[in-house]
Amino acid sequence: MAIDVDKLAYRYEELRSERANWESTWRECAELFNPGRYRDDTETNAHRIPLVNPKLVNSKGILAMRSMASGMQGGMASPVRPWFRLVAKGDPQFIPDGVNAWLDRVTQVMTAVLHQSNFYNATHTLYSDIGTFGTGLLVEIANENGIYFHLVRCGEYVLDINGNDEVDTFFRRLYMTPRQILDRWESAPDLPDFIKRSRERKVMTTERYDVIHAVFPRTDFKPAKRLTAESKPFASVYYLPGGSSGHGTGKACILEEGGFDMFPAFAPRWDVSGSDVYGRSPAMDVLPDCKMLQAMTTTLRKTQHKIADPPLVADQSLRATGVKLIPGGLSFFDSTRTGTTPVAPIHQPEAAALQTVMTAIQEVEQNIDDGLYVDLFRLMLEDQRSRITATEINAKERERIVMLGPVVERLHKELFDPVIRRTFALMQEWGAMPTPPEGVDALDVDVSFESALAQAQRQVTTSNIEAGFAFIGQAAAAVPEILDIVDTDAMGRAYLDRINMPSSVIREESAVEEIREQRAQAAAQQQQMETMNQGVNQLVDATKAMENMSNTNISGQNALEALTSGLGAIR
């Protein structure tokens, strides 16, 4: 079934209407925390607006957001240390041999693929988008040149969610010149004539037009062997909307219709209330503080200026000649007049007042740092060693990490897990996957995260295992039977799982049982050999005793003959 472009355009306008109540807050947050990352999709000159806020007098919000974004990258998906690995789902004893080693190899290849792409550059900006606006949109595409991630600016997209509160639809606005449109869709059958004729002009116009890209699940999806747009579960449509110049001209028309096997975008949210489509951000929580900080800083600067260059009062006699207040300036004054001061400050703030204002500003700045978790991330960024372990982070900032736990889990669910799964599928599609061993065609793969923050979340629970093991070990010295209540194998595997020990270096249960059986057989054989050796030793000792008796002389007889004759007398 062909896409109805009019219905699609109507749905886009409906989603824009639902998004409208977020826009004013996003604009304010962008001005104070992330200038340049918000673009209103009604702007016709958005590509020309200044990228900085000229009214900004204190950059604390921007610097705190920068620290938060860098901390999120270092703690969630660092480009310089492993942060994920692929594992096989299911009971370990039913996983074919070689699968774990193959998954470790796939993890290495996927890590290299992400490094070769712009993934880490895009996600660094994505963290600041999430921290500022509460929501971000990252689109992943692949071709023969590799994988590429496109980050859409806030205000240029609208989202929709399904019945599971998962984002499965987005519309994004591309504000393009006729040249850009022709480069991509010159052969589109419904391309307007005024776009086609633009190449005939001596100078191609720089006027821009809206191009809307929509990706959404098909309601009429029917799997087919043919590689057509209708055979894809997700539709991808580029269209020119109808309307006035700058937002489309004439009747809406489709430029391109395609599809995806998987949803190609990721829309992570910092925190979501109920079934809201868009998320709340930590910047929204400290937005009043940042506004107040601008006003307080303005007052501080005025106070400092008054101290350095206070307003003055001068004697009336100086009106004719004037006063030179520049360094080294010379002014003349009638010294015969007494009781007057030639020039004096009319108002000069006290230094104590200045200190009071500065202290108040520091308190507000600390509130902003606390709201953006700057102290936690600074602990990770400013450590002078080559790396800081999750155990050290857990020991120093356990409470803060627990507070950040829901955000970490949400980012795993809405960003990193889908990114790994889609990249895995794209590597299979483009032949970049290592050759798998036999029996893994239908393997169900899971993602295990081992970033600093992910490990720190797990390590909160390892302390219970460590405390329990220590208690059992101490109690067993007095009551050995207490060991019977603990499954030490399960305890060990649970602990290794929480510290993200690679599965390829952990023996499977069947291998452990085999080792224990071999050990038991070896112990039994050793016991049997010791028993046999003991019997042989006893026989040798008896033989030596007989020889000694035969060599011992007792009244002309040896001890053995005496014993034998005695036995004969008994008869």
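Check the entry above for the structure.
Residues numbered from 1 in each chain as written. Predicted model: local features only at pLDDT ≥ 70, side-chain atom pairs only at ≥ 80, totals over all residues. Heavy atoms only, no water.

A. Spatial organisation of the nonpolar core. Counting 108 residues, the largest nonpolar core has F33, W83, Y239 and F416 as the members making the most contacts within it. When near neighbours in sequence (up to four residues on either side) are disregarded, F416 contacts M76, A77, W83, F119, Y127, L411 and F449. Residues V211, L240, C253 and L255 belong to the second largest nonpolar core, which totals 14 residues. (Core = buried A, V, L, I, M, F, W, Y, C linked by side-chain atoms within 4.5 Å. Buried < 20%, exposed > 50% of the residue type's maximum accessible area, 1.4 Å probe, protein only. Contact = heavy atoms within 4.5 Å.)

B. Summary view of unusual backbone geometry. The backbone phi angle of D165 is positive, close to 60°, even though this residue is not glycine. For D165, a relative accessible area of 35% corresponds to the partly exposed category.

C. Local environment of the sheet that holds strand β9 (residues 265-266). With respect to topology, three strands assemble into an open sheet ordered β3-β2-β9, the strand pairing being antiparallel. The open sheet has two edge strands, β3 (146-152) and β9, and neither has a second partner. The pairing of strand β2 (residues 137-143) with β3 spans seven bridges and is classified as antiparallel. Residue pairing across strands places L138 opposite L151, the latter belonging to β3. Strands in contact with helix α4 (residues 119-133) are β2 and β3; relative to β3, the strand with the most contacts, it is inclined by about 20°. (Pairing = 2+ DSSP bridges. Helix = DSSP H or I, 4+ residues; strand = E, 2+ residues; numbered from the N terminus. Axes fitted to C-alpha atoms, helices over the stretch in contact; angles between N-to-C directions.)

D. Up close: the sheet that holds strand β5 (residues 167-176). The strand order across the open sheet formed by five strands is β4-β5-β6-β7-β8, and the pairing between neighbours is antiparallel. Looking at which strands have only one partner, the edges of the open sheet turn out to be β4 (157-161) and β8 (253-260). Strand-to-strand twist in this sheet, taken as the mean axis angle between neighbours without regard to direction, amounts to 15°. The strands that helix α1 (residues 5-33) touches are β4, β5, β6 (209-217), β7 (234-240) and β8; relative to β4, the one it contacts most, it runs at about 95°. Against the sheet, helix α5 (residues 178-185) contacts β5, β6, β7 and β8, and its axis sits at roughly 125° relative to β5.

Such coordinate-based values are descriptive only and should not be taken to indicate function.
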